[in-house]
Amino acid sequence: MPLFPQQDTSIVKMKMKKILITGASRGIGKAIKERLAGEYELVLHASSPDSFKYDIGKHALLCADFSQPEQVQHFCKQLKKEHGDLYGVINNAGLTIDNSLLFLPERDIETMLQVNLKAPILIAKQAAKIFHSQQRGVIINMSSIIGQTGNAYQSIYAATKAGLVAFSKSLAQELGRLNEQHQIRVNCISPGLIDSEMSAKIPQIELDKVMSNIPSNRIGKTQEVADLVAFLVSEQASYINGANIHINGGLY
Ligand SMILES: NC(=O)c1ccc[n+]([C@@H]2O[C@H](COP(=O)([O-])OP(=O)(O)OC[C@H]3O[C@@H](n4cnc5c(N)ncnc54)[C@H](OP(=O)(O)O)[C@@H]3O)[C@@H](O)[C@H]2O)c1
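Residues numbered from 1 in each chain as written. Predicted model: local features only at pLDDT ≥ 70, side-chain atom pairs only at ≥ 80, totals over all residues. Heavy atoms only, no water.

**Considering the pairing of strand 6 (residues 184-191)**
Rule in force here: Three exposure classes are used, based on accessible area relative to the maximum for each residue type with a 1.4 Å probe and protein chains only: buried under 20%, partly exposed in between, and exposed over 50%. Numbering goes from the N terminus for both helices and strands, where a helix is a DSSP run of H or I of at least four residues and a strand is a run of E of at least two. Only when DSSP finds a minimum of two bridges between them are two strands counted as paired.
Counted residue by residue, strand 6 has 8 buried out of 8 residues, so it is predominantly covered. Of the two faces of strand 6, the one lined by I184, V186, C188 and S190 and the one lined by R185, N187, I189 and P191 are each fully buried. As judged from the 4 bridges shared by strand 6 and strand 7 (residues 244-247), these two strands associate in the parallel manner. The partner of C188 across the bridge, within strand 7, is N244.

Laid out in structure tokens, this is it:
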């Protein structure tokens, strides 16, 4: 019998980093879930458990309708209580209610501001507290090309998405000052036209117009955005901070 028996490495398991994905029920969020599963422990979110039309398996679930401020508040409390070891947040949930500003009811303006901007800000605030105590963490906010180009009938959606870019850049700078020894990174992704339920609602005439301005001559795949997310949360992206990364096939 050897004096120092070799350690059986098969039973020494590394603890996986834990990542929250909001809006994971469908579209881009679901693709992110599929891309990160296996490599990370996941906390999945949607407005309701009924939104998930697939088996979430062993992943944790934390649901809230982000248009309701008290649900966002409760969500953040739960996040702190149940997932104090969080490593990453993908603020992906979002919606658009397209209409001329002249006819857009104030409650629709409120809904877009609440879901697309205020909820991600409050979630990032909660996450930043966790990350500050752990001296590590990543936040990715899902913006949109519309936040930079603007678009008729999407003025509020555009404002929320532009807000997310400014918020991400500012938070990256702030957290850099608070955590001089260890890095907490905050980045933004700005997709162009991506194949999902959201883009399926765009009228054909508008779609044709957009398609004619995409040098890659096709709509983007949700998996392509998910691949970018996977890279940005990885160690390989450790020097990417405060950035807004475009993924749009060259759309102009
Ligand atoms: N698709 C594109 O072309 C495109 C382009 C640029 C940016 N984006 C951005 O990418 C993100 C994902 O878009 P997608 O195309 O995957 O959209 P999607 O297919 O419509 O999915 C939206 C996700 O957000 C969640 N969500 C919507 N309203 C919510 C609410 N009130 N409370 C909580 N969660 C809510 C949905 O959950 P439920 O299932 O529970 O409703 C769903 O999981 C969005 O932020 C969007 O603005 C998309």
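**Some details on the environment of L61**
Note the threshold: Throughout, a contact is declared for two residues whenever any of their heavy atoms are within 4.5 Å.
Mapped onto the elements, L61 comes out in strand 3 (residues 60-61). Residue class for L61 comes out partly exposed when judged on its relative accessible area of 33%. Counting along the chain gives 177 residues from L61 to S238, while the straight-line C-alpha distance between them is 28 Å. Not counting chain neighbours up to four residues away, the residues in contact with L61 comprise L44, P49, F52 and I56.

**Focus: the site of the ligand**
Operational definition: The cutoff for a nearby residue is simple: one of its non-hydrogen atoms must lie within 4 Å of the molecule or strand. Contacts described as polar in this section are N or O atom pairs within 3.5 Å, which, within protein, must combine one atom able to donate a hydrogen with one able to accept it, while residues neighboring in sequence count only if both atoms come from side chains. Under the convention used here, a 1.4 Å probe and the Shrake-Rupley method define accessible areas, while residue burial counts only the protein chains that appear.
What surrounds the ligand is a group of 33 residues, the closest being S25, S47, S51, Y157 and S196. Take F66: an N or O atom from its main chain is 2.9 Å from a nitrogen atom of the ligand. At 2.9 Å from an oxygen atom of the ligand is found a side-chain nitrogen or oxygen belonging to K161. Compared with its free state, where it exposes 890 Å², the ligand has 93% of that area covered by protein. At the level of secondary structure, the elements contributing two or more residues to the shell around the ligand comprise helix 1 (27-36), helix 5 (155-178) and helix 6 (197-200).

**Examining the sheet that holds strand 2 (residues 41-44)**
Note the cut-off: Axis definition: a line fitted to C-alpha atoms, over the contacting stretch in the case of helices. Angles run 0 to 180 degrees between N-to-C directions.
Read from one edge to the other, the open sheet built from 7 strands follows the order 3-2-1-4-5-6-7, with strand pairing classed as parallel. Here the strands that pair on one side only, and so sit at the sheet edges, are strand 3 and strand 7. Against the sheet, helix 1 makes contact with strand 1 (18-21), strand 2, strand 4 (86-91) and strand 5 (137-142), and its axis sits at roughly 165 degrees relative to strand 1, the strand it touches most.

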